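# Coordinates in review
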Amino acid sequence: EKAEIRQLYQRSYLGLLKLLETRINALVRLGRVRITGNVTDQSRAILASLVGAVAIARSIDDSDEQKRILQAAQENILALIGVTDFVAAGSGTAQ
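The following refers to the structure shown. (Residues numbered from 1 in each chain as written. Predicted model: local features only at pLDDT ≥ 70, side-chain atom pairs only at ≥ 80, totals over all residues. Heavy atoms only, no water.)

## A short note on the packing of helix α2 (residues 39-58) against helix α3 (residues 63-80)
Axis angle and axis distance: for two packed helices, these are the angle between their axes and the distance between the axes, and together they describe the pair. The cut-off we apply is this: Under this scheme, a helix contributes an axis fitted over its contacting stretch, all axes are lines through C-alpha atoms, and angles between N-to-C directions fall in the 0 to 180 degree range. Helical segments are the DSSP runs of H or I of at least four residues, strand segments are the runs of E of at least two, and each set is numbered from the N terminus. Roughly parallel here means an angle under 35 degrees, roughly antiparallel means over 145, roughly perpendicular means 65 to 115, and every remaining angle is called oblique. The contact rule is simple, with two residues in contact once any of their heavy atoms fall within 4.5 Å.
Contact pair α2 / α3: the axes reach a minimum separation of 9 Å and the direction vectors enclose 175°. With respect to each other, α2 and α3 are oriented roughly antiparallel. Contact with α2, carried on its side by Gln-42, Ala-45, Ile-46, Ser-49, Leu-50, Ala-53, Val-54, Ile-56 and Ala-57, involves Gln-66, Ile-69, Leu-70, Ala-73, Ile-77 and Leu-80 of α3 and no other residues of that element.

And the structure:
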């Protein structure tokens, strides 16, 4: 049973990784983002940052700190792929 759960998580992880790689490659081709280094490695780092930020934010009660954690992760991920102008969710203004 434990092996089955690990296999399920691995399939989910690999599917998300492939989706992220595909999206990043498309954005690179369109000139919307720039990636230095290996796209697969950068995708792994982004996915790990996303999962970690969500896990930490969901584990605490302070809603302001939850928002700060998620915002910091978002900003770091966008910086990693070279995005400088973006509209923050719900703000309607460019950051």
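There's more to say after this.
## A look at helix α1 (residues 2-29)
What counts, and what does not: Here the expected span of a helix is defined as 1.5 Å times the quantity of residues minus one. Three exposure classes are used, based on accessible area relative to the maximum for each residue type with a 1.4 Å probe and protein chains only: buried under 20%, partly exposed in between, and exposed over 50%.
Taking 1.5 Å of rise per residue, 28 residues should cover 40 Å, and α1 covers 40 Å from first to last C-alpha, within 8% of that figure. Those residues of α1 not exposed but buried are Leu-17, Glu-21 and Ile-24. On its buried face, α1 is in contact with α2. Looking one or two places after α1, you find Gly-31, whose phi comes out positive at around 75°.

## Details of the pattern of salt bridges
The line we're drawing: Salt bridge, as used here, is a side-chain nitrogen of Lys or Arg placed within 4 Å of a carboxyl oxygen of Asp or Glu.
Under the definition given, this model contains two salt bridges. Here Arg-44 ties to Asp-41 by a salt bridge, and the two come within 2.7 Å at their closest N and O atoms. Placement of both Arg-44 and Asp-41 in helix α2 is noted, with a separation of three residues, approximately one turn of the helix. Across the pair Arg-68 and Glu-65 runs a salt bridge whose closest N-O atoms are separated by 2.9 Å. Residue Arg-68 and its partner Glu-65 are located together in helix α3, separated by three residues, close to a single helical turn. On the basis of relative accessible area, Arg-68 is assigned to the partly exposed category, the value being 48%.

## Focus: the environment of Leu-16
The residue Leu-16 is located in helix α1 in this model. With a relative accessible area of 44%, Leu-16 lands in the partly exposed category.

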